[in-house]
Amino acid sequence: SRVLDGIGGAEGHDSSRLYKGVGGGPDADYLIVSRWSDEQAFQAFTASDAFKKVTQWGAQNILATRPTHTTYHE
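Just so we're clear, the structure is a prediction, and the values are computed from it rather than from any experiment.

Caption draft 1: Summary view of the side chain of Thr55. Along the chain, Thr55 turns up in helix α3 (residues 49-61). A distance of 3.2 Å separates a polar atom in the side chain of Thr55 from the backbone oxygen of Lys52. Dropping the residues within four chain positions of it, Thr55 is found in contact with Leu63 and Pro67.

Caption draft 2: Examining the nonpolar core more closely. Residues Ile7, Ala10, Trp36, Ala41, Phe42, Phe45 and Phe51 constitute the largest nonpolar core, which totals seven residues. The biggest single contributor to this core is helix α2 (residues 39-46), with three residues. Residues within four places of Ile7 in sequence aside, it is in contact with His13, Ser16, Ile32, Ser34, Trp36 and Phe45.

Caption draft 3: Structural detail: the packing of aromatic side chains. Across all of its chains, the model carries three aromatic pairs by this definition. Taking the centre distance of 5.6 Å and the plane angle of 65° together, the rings of Trp36 and Phe42 count as edge-to-face. For Trp36, a relative accessible area of 15% puts it in the buried group. Assessed through its relative accessible area of 18%, Phe42 is described here as buried. Measuring from ring centre to ring centre gives 5.5 Å for Phe45 and Phe51, while their planes differ by 75°; the resulting arrangement is edge-to-face. Each residue in the set Trp36, Phe42, Phe45 and Phe51 is aromatic and connected to the rest through ring pairs, giving one cluster.

Reading guide: rules and limits
Residues numbered from 1 in each chain as written. Predicted model: local features only at pLDDT ≥ 70, side-chain atom pairs only at ≥ 80, totals over all residues. Heavy atoms only, no water. Helix = DSSP H or I, 4+ residues; strand = E, 2+ residues; numbered from the N terminus. Polar contact = N/O pair within 3.5 Å; in protein donor to acceptor, adjacent residues only side chain to side chain. Contact = heavy atoms within 4.5 Å. Core = buried A, V, L, I, M, F, W, Y, C linked by side-chain atoms within 4.5 Å. Buried < 20%, exposed > 50% of the residue type's maximum accessible area, 1.4 Å probe, protein only. Phe/Tyr/Trp six-rings, centres within 6.5 Å; stacked < 30°, edge-to-face > 60°.

Honestly, it's all geometry; don't read function into it.
Now the structure itself:
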């Protein structure tokens, strides 16, 4: 997907997976789970022009609302 492509080249990004809610359909929920080298790398990406472009494209083409982020630490 274009969203995962936008994340893929970011410094500190390790991997991402896109999940689609059970039941599918046009109103399905999606979840992106990404692994980063550290929280600073993730925060740098969310402040970057690349992230702004991805979220702008998503808002115009696929998102019903603004995405939210939750950070988990191992």
